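Report on the structure
What follows is each chain in one-letter form.
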Amino acid sequence: MAEQPSPEEAARALRDVDHRRDQALDELHGAKWVDVVFALVVFLYLASADFLPSAAEWKGLVLAVLVVGYVLMLRTRRGAAVLGHRVRVDKSAIRPRFAIALVFVLVCVAAAVALALLHIQIPYGNTILGAVLAIALIGFGQHLRRGLAALIRRSRSGGAPHGHA
């Protein structure tokens, strides 16, 4: 029969589990070159509407192939390592209500930007928007991933940061 651990041993084991979880969440970052490549893709995609109007037929297909390739690479261990993702987020760590709210906010922002660009004709507006989005992706991509990791930490600890109530 197994011996019951002492309260000190149990507390130490729980601290070790928390430390390992935090260590894994700290590894949730992608490679900077991926942010730069996707920023360049977003910029070229939007700028092509201003400079290459004849490319409208195939630019959506190129973007779709790149996104599907990225997602497929993330699904494999080797592909994720190439992209700078050494660990994966446990899907159960993200509350469904948070995921739905995040998707809703992203759709609303995309719709607002699309409506703004449809009604206002700014010369080279797509190029300007592409540059702004690319700069935001390069500048804040790592920070956004760290913020998501902090939200995961908070949701796993019941709303209190670092497991403290």
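Just so we're clear, the structure is a prediction, and the values are computed from it rather than from any experiment. (Residues numbered from 1 in each chain as written. Predicted model: local features only at pLDDT ≥ 70, side-chain atom pairs only at ≥ 80, totals over all residues. Heavy atoms only, no water.)

1. Observations regarding the overall build of the chain
Looking only at helices and strands, one finds 6 helices and 0 strands in the chain. The order of α-helices and β-strands along the chain, N terminus first, is α-α-α-α-α-α. Counting across all 165 residues of the chain, residues that qualify as buried make up 19%. Long-range contacts, defined as pairs at least 24 residues apart, comprise 75% of the intrachain contacts of the chain with a sequence gap of at least 6. (Helix = DSSP H or I, 4+ residues; strand = E, 2+ residues; numbered from the N terminus. Buried < 20%, exposed > 50% of the residue type's maximum accessible area, 1.4 Å probe, protein only. Contact = heavy atoms within 4.5 Å.)

2. What to know about the packing of aromatic side chains
The final tally for this structure, using the stated rule, is 2 aromatic pairs. Ring plane angle 70° and centroid distance 5.0 Å describe the contact between F38 and Y70, whose orientation is recorded as edge-to-face. One end of the pair, F38, is in helix 2 (residues 32–51); the other, Y70, is in helix 3 (residues 56–75), and 32 residues separate them in sequence. Taking NZ or CZ as reference, K59 lies 4.8 Å from the ring centre of Y45, over its face. (Phe/Tyr/Trp six-rings, centres within 6.5 Å; stacked < 30°, edge-to-face > 60°. Lys NZ or Arg CZ within 6 Å of the ring centre and 35° of its normal.)

3. Let's talk about the side chain of S48
Mapping S48 onto the fold places it in helix 2. Classification of S48 as buried rests on a relative accessible area of 10%. For S48, the contacting residues outside a window of four places in its chain are P53 and K59.

4. Quick word on helix 2
The terminal C-alpha atoms of helix 2 lie 28 Å apart, and with 20 residues this matches the ideal 28 Å at 1.5 Å per residue to within 8%. Listed in full, the buried residues belonging to helix 2 are V34, D35, A39, V41, L46, A47 and S48. (Expected span 1.5 Å × (residues − 1).)

5. A few points about the environment of G130
With respect to the helices and strands, the residue G130 is situated in helix 6 (residues 125–156). A sequence separation of 82 residues divides G130 from S48, and the C-alpha atoms of the two residues are 9.8 Å apart. Apart from the residues lying within four places of it in its own chain, the contact partners of G130 are F43 and L46.

6. Examining the confidence of the model for the chain
The share of residues in the chain with pLDDT of 70 or more is 76%, and the mean pLDDT across the chain is 76. At the low end of the mean pLDDT range in the chain sits helix 5 (residues 96–119), at 73; at the high end sits helix 2, at 85. pLDDT under 50 marks residues 159–165. Its contacts with residues more than four places away, or in other chains, come to 5 contacts. (pLDDT = per-residue confidence, 0-100.)

7. Description of the environment of K59
Its location among the elements puts K59 in helix 3. Along the backbone, K59 and A49 are 10 residues apart, and their C-alpha atoms lie at a distance of 9.2 Å. A polar side-chain atom of K59 sits 3.5 Å from the main-chain carbonyl oxygen of Y45. (Polar contact = N/O pair within 3.5 Å; in protein donor to acceptor, adjacent residues only side chain to side chain.)

8. Concerning the packing of helix 2 against helix 3
Between helix 2 and helix 3, whose axes approach to 10 Å, the crossing angle comes to 165°. By the angle class used here, helix 2 and helix 3 are roughly antiparallel. In this structure, helix 2 crosses over helix 3, and the sense of that crossing is left-handed. Contacts from V34, F38, V41, Y45, S48 and A49 in helix 2 reach K59, G60, L63, L66 and Y70 in helix 3. For the contact of helix 2 with helix 3, the class distribution of residues is 8 nonpolar, 2 polar and 1 charged. (Axes fitted to C-alpha atoms, helices over the stretch in contact; angles between N-to-C directions. Parallel < 35°, antiparallel > 145°, perpendicular 65-115°, else oblique. Left-handed = near helix turned anticlockwise from the far one by under 90°. Nonpolar A, V, L, I, M, F, W, Y, C, P; charged D, E, K, R; others polar.)

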